[in-house]
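Report on the structure
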Amino acid sequence: MPDTPDLPMARTIAALRQTVSGWKRQGFTVGFVPTMGALHEGHLALVREAGQRADRVIASVFVNPTQFAAHEDLGSYPRQEARDAELLAGAGCALMYAPAVEEMYPADATTTISVGAPAEALEGAARPHMFGGVALVVAKLLNQVQPDVAVFGEKDYQQLIVIKRLVRDLDIPVEIVGSPTIRDGHGLALSSRNAYLSEDQLEVARRLNGVLAEAGARVATGAALPAVEAEAREALLHAGFSHVDYVAVRRADDLTEFEGGSVDAPARVLAAAWVGKTRLIDNLPV
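These notes cover the structure that comes with them. It should be emphasised that the depicted structure is a prediction, and the values quoted were computed from it without experimental measurement.

Turning our attention to the side chain of Gln 144. Along the chain, Gln 144 turns up in helix H6 (residues 130–145). Among the polar contacts listed, one links the side chain of Gln 144 to the side chain of Tyr 97, at a separation of 2.9 Å. Setting aside chain neighbours within four positions, we find Gln 144 in contact with Ile 13, Leu 16, Arg 17, Tyr 97 and Met 104.

The periodicity of an α-helix, 3.6 residues per turn, causes residues three or four positions apart to be oriented the same way. Relative to the 22 Å expected for 16 residues at 1.5 Å per residue, H6 spans 22 Å between its end C-alpha atoms, a close match to the ideal helical length. Gln 146, located one to two residues past H6, shows a positive phi value of around 55°.

Quick look at the environment of Val 211 now. Summarising the element assignment, Val 211 is placed in helix H9 (residues 208–220). Along the chain, Val 211 and Ala 235 lie 24 residues apart, while their C-alpha atoms are 6.7 Å from each other. The residues contacting Val 211, other than those within four sequence positions of it, are Ala 232, Ala 235 and Leu 236.

Now for the sheet that holds strand E6 (residues 175–179). Here 6 strands make up an open sheet; going across it, the order is E1-E4-E3-E2-E5-E6 and the pairing parallel. Lying at the two open borders of the sheet, with one neighbouring strand each, are strand E1 (9–10) and E6. Sheet contacts for helix H2 (residues 41–53): strand E2 (30–35), strand E3 (56–61), strand E5 (149–153) and E6; angle to E5, the most-contacted strand, approximately 155°. Each of E2, E3, strand E4 (95–97) and E5 is contacted by H6, which is oriented at about 150° to E2, the strand it contacts most.

Each value, and the rule that gives it
- Residues numbered from 1 in each chain as written.
- Predicted model: local features only at pLDDT ≥ 70, side-chain atom pairs only at ≥ 80, totals over all residues.
- Heavy atoms only, no water.
- Helix = DSSP H or I, 4+ residues; strand = E, 2+ residues; numbered from the N terminus.
- Polar contact = N/O pair within 3.5 Å; in protein donor to acceptor, adjacent residues only side chain to side chain.
- Contact = heavy atoms within 4.5 Å.
- Expected span 1.5 Å × (residues − 1).
- Pairing = 2+ DSSP bridges.
- Axes fitted to C-alpha atoms, helices over the stretch in contact; angles between N-to-C directions.

Laid out in structure tokens, this is it:
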């Protein structure tokens, strides 16, 4: 698609870097929000947060194939580029970066990234293909954009922790900021995959946040973590979720388990559960 009147677009690394270089020559700082498109208010909140922290904001729209396993929804993942551009312009984005797969991954590329411990449990156990792909594309995007600050949503909390570790370990000079989860009026975390849900499934999905809140309240009373996690799993199944991948209470800073089964530091309760064929994730601070 052509540029919108309000939002220029870069399709290539060269065009992206030309724009960024021009901004930096003028002394502007650069904020960055990577997305896979199908944007909603949660994404736009990240763009606005970046705009509070930098002079110019770039958002990427790229459905990253390396983080999808063969049986997952790469082909059906929602794509709406023209609408995304309109939304980004309205949120104050200065440039949309929308590279083709061939631009991001040349045919002879062979490099991979393994983040290690923060990526191995929870989502890493349920979707072992994912975080290697996430780490690779985020490292590439950060090198391509070279922002001063990059903003990620806390809904994908483990991803945020993985990216913070990636940036620290590889000495990438960017500040990583986590932005609070945006929810609908029923408490459901906004997600592009919510579009897959029927009305009946939405009713079930909107119970996820409440179950996590109850689990967090139980943790705060000093209840044993294995019991809290087991009770929350049963509550999700009783609420109509067809399958629960995990419910876990972990340390907020690195997602390691608490020794002794009780909380002695800031924590997160995290869950992944299925409504029909749609997999939802969420988390809350404890």
